[in-house]
Amino acid sequence: MSARLIDGKAIAAALRQRIAAAVPALPRPPALAVVLVGDDPASQVYVRNKARQTRAAGMVSIEHRLPADTAQEALAALLQGLNEDDAVDGILVQLPLPAHLDEAAIIGQIDPDKDVDGLTEANAGRLVLNRPGLRPCTPTGCVILARDTLGDLTGKNCVIVGRSILVGKPAALLFLQENCTVTIAHSRTRDLPALCRTADILIAAVGRPRMIGADFIKPGACVIDVGINRIEDSAAEKGCRLVGDVDFEAARKAAGAITPVPGGVGPMTIACLLRNTVLAACARKGWPVPEGL
Ligand code: GUN
């Protein structure tokens, strides 16, 4: 039997719709500042999409594009200005940064209450401690997709393949908050296929194209593929195409539900960023959080 497709595009569109419906009732539209350093083509596309979707939701988009040779001090000074600007609710520094910049130090400059990526030490600590805070967008998107597919996640076995700061580790904590039994697997895990076959929910976040095959999947499992890998394909229009960390055609025969790439987790990340911008504005200003977010 073939798995049900988890339509991340539609679920993200519904979330963006709820955000757009909530924004006009706020005292003022929330504002998101996005900082892009350099000219990485993929980052430029992401930043353009973020700005477009921010405006489409009725919010204010502020873009700062800086040259690739921007000095650490100049970027820090820009962030300081954004931290102090009361009209700015959310700040996102697009990653990766050029190699000469100290990424951790830059993220550390962002006011945690405006850290819509949820990457500062303060927000990571709040997540560990179950305190209110801004949660990372991609893992939050994974939880929303799993809940949309399975309903209450209590007691489900969740295996997360990948231990990155951006996805794997925060995803583990978010699924734990959903009362899942969580296992984090990584490159040194023994017998990875057997471990993955214990998963009711399998999160693939390793960045290795089509690594997760049908033999990793318990029949009927919910498979969420975070990978976005560009592979060469002479038959594709531009000579390359996007694939996930899951071998989709093989896995869909075993899984109960599965996200496609593209059109699965990807659209959820920006929708969760917009949601975080609203949540940041509400927390900073003492506004009640709109219903449905
Ligand atoms: N680059 C790729 N994904 C992300 C993300 O979630 N946040 C930021 N800031 N940069 C990214």
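Conventions we followed
In this numbering scheme, every chain counts its residues from 1 along its sequence in written order. Confidence filtering applies because this is a predicted model: local features only for residues at pLDDT of at least 70, side-chain atom pairs given and counted only at 80 or more, and all residues used for totals across whole chains, interfaces and linings. Excluded from the side-chain calculation are hydrogens and water; included are all heavy atoms of the structure. Space inside and on the surface of the protein is sampled on a 1 Å grid over the protein atoms alone, with a cavity defined as a set of points where a 1.4 Å probe fits but cannot get out and a pocket as an open set with protein on both sides within 12 Å along at least 5 of 7 lines; lining residues have an atom within 4 Å of a point. Grid points are joined across faces, edges and corners, and a volume is the space filled by probe spheres set on the points. Residue type decides the class: Asp, Glu, Lys and Arg count as charged, Ala, Val, Leu, Ile, Met, Phe, Trp, Tyr, Cys and Pro as nonpolar, and the leftover types, Gly among them, as polar. Interaxial angles span 0 to 180 degrees and are taken between N-to-C directions of axes, which are lines fitted to C-alpha atoms, for helices over the stretch in contact. To qualify as a helix, a DSSP run of H or I must reach at least 4 residues; to qualify as a strand, a run of E must reach at least 2; elements of each kind are numbered from the N terminus. For classification, angles of less than 35 degrees are called roughly parallel, those exceeding 145 degrees roughly antiparallel, those between 65 and 115 degrees roughly perpendicular, and all remaining angles oblique. By definition, any crossing whose near helix is turned counterclockwise from its far helix by less than a right angle is left-handed, and any crossing with a clockwise turn is right-handed. Whether two residues are in contact is decided by their heavy atoms, any of which lying within 4.5 Å being enough. Summary of the burial criterion: residues with accessible area below 20% of their type's maximum are buried, those above 50% are exposed, and those between are partly exposed, where the area comes from a 1.4 Å probe applied to protein chains only.

Q: Run through empty space enclosed by the protein, naming residues and quoting values.
A: Following the criterion strictly, the structure yields one cavity of 30 Å³ or more and no others. Each pocket or cavity is described by its volume, and for the largest cavity that value is around 40 Å³. If you go around the largest cavity, the residues you meet are Val93, Leu95, Ile107, Ile110, Asp115, Asp117 and Leu119. In the lining of the largest cavity, the residues fall into five nonpolar, no polar and two charged.

Q: Kindly report on the packing of helix α1 (residues 8-22) against helix α10 (residues 265-285), identifying the contributing residues and their values.
A: Running from N to C, α1 and α10 point in directions that differ by 15 degrees, and their axes come no closer than 8 Å. Of the possible angle classes, the one that applies to α1 and α10 is roughly parallel. Seen along the crossing, α1 lies across α10 with a hand that is left-handed. Between α1 and α10, the contacting residues are Gly8, Lys9, Ile11, Ala12, Leu15, Arg16 and Ile19 on the first element and Pro267, Met268, Ala271, Cys272, Leu274, Arg275 and Val278 on the second. Considered class by class, the residues forming the contact of α1 with α10 number ten nonpolar, one polar and three charged.

Q: Can you break down the environment of leucine 274 residue by residue, with the values?
A: Within the fold, leucine 274 resides in helix α10. When the C-alpha atoms of leucine 274 and alanine 31 are compared, they prove to be 9.6 Å apart, with 243 residues separating the residues in sequence. The contact partners of leucine 274, leaving out residues within four places of it in the chain, are Arg16, Ile19, Gln53, Thr54, Ala57 and Met59.

Q: Mind laying out helix α7 (residues 168-177), listing which residues take part and the relevant values?
A: Within the span of α7, buried status applies to Gly168, Pro170, Ala171, Ala172, Leu174 and Phe175. The elements touched by buried residues of α7 are α5 (121-128), α6 (137-150), β5 (157-161), β6 (181-185) and β7 (201-204). Following α7 by one or two positions, asparagine 179 adopts a phi angle in the positive range, close to 65 degrees.

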